[in-house]
Amino acid sequence: MTNPITTLHDPEVIGLILNYRDATRTVRCIASLLDDGISHILVWDNSGDDGASANTLRERLVHESRVSVETTGINLGFAAGVNRGLAWIHENFPKAWVLLINNDAVLLRGATDALADALKNKHEAAIAYPTIDHGGCHIGTVFYQRHFGLITHKQLVGSFPYASGCCQLLAPKRLSGSWFDESYFMYGEDMEQGYRLGKKRMVHVPSVWVRHEGSASSGIGSVFYETRMVAAHWLLAGALSRNRIDLGMLYVGRALALSARAL
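Now for a look at the structure at hand. (Residues numbered from 1 in each chain as written. Predicted model: local features only at pLDDT ≥ 70, side-chain atom pairs only at ≥ 80, totals over all residues. Heavy atoms only, no water.)

Some remarks on the pairing of strand β3 (residues 67–71)
Part 1 of the argument: As defined by bridge partners, strand β2 (residues 40–45) adjoins β3 across 5 bridges and the pair is classed as parallel. Residue pairing in the sheet places W44 in a bridge with E70 of β3.
Part 2 of the argument: Taken together, β2, helix α2 (residues 52–60) and β3 form a β-α-β motif whose crossover is right-handed. (Pairing = 2+ DSSP bridges. Helix = DSSP H or I, 4+ residues; strand = E, 2+ residues; numbered from the N terminus. Right-handed = clockwise from strand over helix to strand, strands pointing away.)

So, in structure tokens, the structure goes:
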């Protein structure tokens, strides 16, 4: 790997993108990160096609020394893929902060500096996250209601905030252990993270700094999306419960809410 270009960001910010059989969107996302001054980007390929998609990306990026493509050849899931990517970045750029972004999103100019400034000004925070333009709907802090698994943009009784996994600036040394819980294959890992970290460990930058297409790989409403989403809600019941009685109540609440959603 060649040495990255000099960056104005202090500490250095390294990009992390997960790719699932979608070189076109991933290359577009890469361009937006480089355009914002990010010095190096790791693409962790989660395509599960024995490296075919990773090789396609390497061919398309053969003249771009600021991008590395890594893979195990299998689909590890979002949480595990991010954790493997973070481990690679820690080994190669041990002092860097990490800009995690979905491959179906683009970063707007000025985003990296705005997020980095927020982390610098709030020393207890491990994550800075922006408002996201999600298909014309602006999404900032999101709340998860622990009893029924409701996801809302306003805080309800029993709910807690979390930062969307679509885009996060991470300060890895401010948090011990894995970044995401690998029990979650896809969906729910950012909610569990928000509950584990708590409000004081996250800082929201209210300006729109990301445009997100949304669920380009999984497809909202597809069988894959629905099964993974439901599985995440059940896993979250176990993660958020305080005792056996509370766990039973969380299961009942989800059974009612998910049944109503299905109907």
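Describing the packing of helix α1 (residues 23–35) against α2
Part 1 of the argument: Relative orientation of the contacting elements α1 and α2 amounts to 45°, with a least axis distance of 10 Å. Taken together, the axes of α1 and α2 are oblique relative to one another. For the crossing formed where α1 meets α2, the hand is right-handed. Of α2, the residues touching α1 (which contributes A23, T24, T26 and V27) are T56, L57 and R60. (Axes fitted to C-alpha atoms, helices over the stretch in contact; angles between N-to-C directions. Parallel < 35°, antiparallel > 145°, perpendicular 65-115°, else oblique. Left-handed = near helix turned anticlockwise from the far one by under 90°. Contact = heavy atoms within 4.5 Å.)

Some remarks on a nonpolar patch on the surface
Part 1 of the argument: On the surface, F148, L150, L156, V252 and L256 cluster together into a nonpolar patch covering about 440 Å² of accessible area.
Part 2 of the argument: Structurally, the position occupied by L256 is in helix α7 (residues 244–262).
Part 3 of the argument: Owing to a relative accessible area of 55%, L256 belongs among the exposed residues under this scheme. (Patch = residues over 30% accessible without salt bridge, like charges linked within 9 Å, V, L, I, M, F, W, Y side chains within 5 Å. Areas by Shrake-Rupley, 256 points an atom, 1.4 Å probe, with all protein chains shown as cover. Salt bridge = Lys/Arg side-chain N within 4 Å of Asp/Glu carboxyl O. Buried < 20%, exposed > 50% of the residue type's maximum accessible area, 1.4 Å probe, protein only.)

Considerations on the sheet that holds strand β10 (residues 159–162)
Part 1 of the argument: With antiparallel pairing, 3 strands are arranged side by side in an open sheet as β9-β8-β10. Where the open sheet ends on each side, the last strands, each with one partner, are β9 (150–152) and β10. Neighbouring strand axes in the sheet, compared pairwise and without regard to direction, differ in orientation by 30° on average.
Part 2 of the argument: In this structure, strand β8 (residues 142–145) lies alongside β10, joined through 4 bridges in antiparallel fashion. Paired with V142 across the strands is Y162, a residue of β10.

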